[in-house]
Amino acid sequence: MSVVENKVSELLKNSKNIFVFCGNTITRDIGLHGVLSEHIAYEVEDYYGYSSEELMTENFLTRRVKLFFDYYQNIMLGTKDPGIPPIPRYIKDMQERVNIGSVITNTVYSLYEKAGCKNVISINGTVEKNTCTSCGKVFDAEYVRAHRLIPHCDKCQVTLRPGFTLIGETIDNGLMSKALNEVEKSDVVLVIGSSLRDKVFKSLIKYYTGDSIIVINKEELFGDEIANYRLYGDINEIVGRLRDDIVKTVPVRDKEEADTEDTKERSDAETDTEKTTEETAEETADKKDN
Ligand SMILES: [Zn+2]
């Protein structure tokens, strides 16, 4: 481990409440393109005749529904069984040993929940919870993928509503308030695979009062100067080394004790939710980095 990695590892071990923010670099690596798929923007526009920013809107969902779901099924869910990438699993291992209070992500594939992480907030929603607007039944990503045309509710035959925030839509206020409360009470902020200029992250970091922002990414990006510790390179390897060091030196926390803390934190967050709801109303889903 490098000198900075050692410092970061110590910081994580001694923190009382770590706020983890995970971006889309982590999911792209396994072929999950996200809602916007900016890295293949040219191919998308060439094939569909529209950009992903136009396709993933309410307008297309209601008026050009075939194109909407073609993109959803073939671009967003185009990779079958991508598995869980290393980082969600590393975070789970670390969360069992150090005080990671919450994991916030702007990605929409529910990978952190699947890896077993606790207190995950998928701020932009998830592809795993598509709903029937008539009866409210929920359908997972596999159901959407398996329908080669427009996916309908098997009971009502109504077109499903995607479980993620569409472009131009406002981020769910409840989720945003919850995330704000989490960052506000944290002493360490750990950002993995995301720009610090990500719209959601920028709204959240305003509420952080500490002096320990850590960023781990492939390369330096504009805006990284607000971080107190920066680690660049292969993010799987860097987080892997931190995880190994923590696993080697910190025992798994007593399960009961960890659960009690979780419950306590969650009820605290619920009490605080109301006061910030108004403050977040202005935040909209520009989703530059999704
Ligand atoms: Zn239904």
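Residues numbered from 1 in each chain as written. Predicted model: local features only at pLDDT ≥ 70, side-chain atom pairs only at ≥ 80, totals over all residues.

Caption draft 1: Local environment of the pairing of strand β8 (residues 213–217). Counting buried residues along β8, 5 of its 5 residues qualify, which places the element largely inside the surrounding structure. Every second residue of β8 is oriented toward a common face, with Ile 213, Val 215 and Asn 217 on one face and Ile 214 and Ile 216 on the other, all of them buried. Inspection of the sheet shows strand β7 (residues 188–192) paired to β8 by 4 bridges, in the parallel sense. The residue of β8 that forms the bridge with Val 189 is Ile 213. Relative to strand β9 (residues 229–232), β8 runs parallel, the two sharing 4 bridges. Pairing of Ile 216 across the sheet is with Leu 231, part of β9. (Buried ≥ 20, exposed ≤ 12 C-beta atoms within 10 Å, placed from the backbone. Helix = DSSP H or I, 4+ residues; strand = E, 2+ residues; numbered from the N terminus. Pairing = 2+ DSSP bridges.)

Caption draft 2: A look at the sheet that holds strand β3 (residues 120–122). If you trace the 6 strands from one edge of the open sheet to the other, you get β3-β2-β1-β7-β8-β9, paired in parallel fashion. Each end of this open sheet is capped by a strand with a single partner; those strands are β3 and β9. Between one strand axis and the next, the sheet turns through 15° on average, direction left out of account. Pairing analysis gives 5 bridges linking strand β1 (residues 18–22) to β7, with the strands arranged parallel. For Ile 18, the partnering residue across the bridge sits in β7 and is Val 188. Packing of helix α1 (residues 3–14) onto the sheet brings it into contact with β1, β7, β8 and β9, and relative to β9 it is tilted by some 125°. (Axes fitted to C-alpha atoms, helices over the stretch in contact; angles between N-to-C directions. Contact = placed C-beta atoms within 7 Å.)

Everything listed here is a matter of coordinates, which is why it stays silent on function.
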